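# Structure assessment
Okay, here's what each chain looks like letter by letter:
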Amino acid sequence: MVVATGVVDRRQVRKVALSGLLGTVIEYYDFLLYSTMAALVFGTLYFPGSNPAVSTIAAFGTLAAGYVARPLGGLLFGHFGDRIGRKSALVTSMVLMGVASVLIGVLPTYSSIGLTAPVLLVLLRCVQGIAVGGEYGGAALMVIEHAEAGRRGTWAGIMQAGSPLGSLLSNGAVALVTLLPHEDFVSWGWRVPFLASAVLLLIGLYVRLSVVESPLFREALAKAGEREQVPLLRVLRRPKAVLLACAAGIGPFAMTALIGSHSVAYAKGLGYALPDIMRAHLLISLTGLIGIPLFSALSDRIGRRRVLLIGAAGAVLFAFPMYALLGMRTVPAMIAALVIAQVFQNLMYAPLAPMLSEMFGTRVRYTGVSLGYQMASLLGAGFTPMIAAALVAGTGGSSLPLSGIIVAAVGVSIGAVLLISETRGRDLGES
């Protein structure tokens, strides 16, 4: 483990990285599973109406509810993670996510219990959002605080691989159940992936309970005064860091929303077959599984800012060709569009965990990272699928507004990163 002298217990670092990986897999499997089902069945089952486009927009509205709850989860878990400990906060967030997902899997539909069904769905989505809000910041900084300075990006990349791995499992589960006859999929098949999250939860808890608390946190806690200020108030006294952290993440989150969620409904509207769309999304997840660890490790060599800016430049240049390729209505063109866009998203996303963790002091790091990251997720991704669906419906299917969303969101990230000093190798015990 990391101590004041900089000595690192590599065995413990590996265990913490594995714990972070499994935790992130569970959180993103459940969270992204909801996103996909919102595009496929939730509009029909929980928000029935005569206009399918309106039902889809309403379903994406519940998707947004989860993103609205994420900053709340970041504040809640960040506070206790900075005051009591990282480990207990992470265990709680994992349990919340698993329980919420299983309950979604058994939730009656509108036809059974009326308006109570969508209300409960929104409530459970909010619980998911709170859980994810507490997971990322804690998992990232647990790895960062255990690792040696020169390999923080490498170890964080392992933890962050949980996002595409969770997406891969989620898309794989959806791909399997969509092979069922349509009537079976709509009546009961969509529930199976949610119920399967219980198995992932048990595995994740077994590993997470075996890791030790962050040594940097224990050291900082021992030095802290009895009347130390609330972490959120300390962060907000100097809000520049959290505002820049938030802005830096808006671009990659907007791309995640368009590539990972909205593209399902958009591609269906273009006439692509659902199995082809899900296979393309499996390739997107595989791309992230390779790209995120690779680009995060690259940030140890050439810097966090440089990797992120390379991805941002590529995303802006590809914003219009991406939808031109989708408009060709061929499966190879769709795969090329989504996979290339995912590479640029990975370049922007991969350096975030080490960069954000290095922007805050130990006693406010959980709060600062969680608040910045989750606000970025809300502003970048929370309402993007709903807005995108409305824009497509309102413009007769034009993709120009979608490309405009990418350019605008990524532009915000570029502006923020240019104002952030390079954090690579920064002493985490400085503040």
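What counts and how
Residues numbered from 1 in each chain as written. Predicted model: local features only at pLDDT ≥ 70, side-chain atom pairs only at ≥ 80, totals over all residues. Heavy atoms only, no water. Core = buried A, V, L, I, M, F, W, Y, C linked by side-chain atoms within 4.5 Å. Buried < 20%, exposed > 50% of the residue type's maximum accessible area, 1.4 Å probe, protein only. Domains from an automatic or database assignment. Contact = heavy atoms within 4.5 Å. Helix = DSSP H or I, 4+ residues; strand = E, 2+ residues; numbered from the N terminus. Buried area = accessible area lost by both parts, 1.4 Å probe. Salt bridge = Lys/Arg side-chain N within 4 Å of Asp/Glu carboxyl O.

Right, let's get into the nonpolar core. Residues Met 37, Phe 42, Tyr 46, Tyr 136, Trp 190 and Met 322 are the most contacted members of the largest nonpolar core, which totals 119 residues. Per-domain counts for this core show at least three residues from each of domain 1 (9-227) and domain 2 (229-425). Those residues in contact with Trp 190 that sit more than four places away from it in its chain are Met 37, Val 41, Phe 42, Leu 45, Tyr 46, Ile 104 and Phe 185. Core analysis: the next-biggest nonpolar cluster, separate from the first, contains 5 residues, Ile 26, Val 91, Leu 201 and Leu 205 among them.

So, on to unusual backbone geometry. Phi angles above zero are rare outside glycine, and Arg 329 is one such case at about 60 degrees. Tracing the backbone shows Arg 329 in the loop between α14 (304-326) and α15 (331-349).

Looking at the chain, the domain boundaries give domain 1 (9-227) and domain 2 (229-425). Spacing between the C-alpha centres of domain 1 and domain 2 amounts to 18 Å. Opposite the 63 residues of domain 1 that make contact, domain 2 presents 54 residues. Carbon and sulfur atoms supply 68% of the area buried between domain 1 and domain 2, which totals about 4700 Å² over both sides. Applying the counting rule to domain 1 against domain 2 returns 2 salt bridges. The shortest N-O distance in the salt bridge between Arg 152 and Glu 358 comes to 3.2 Å.

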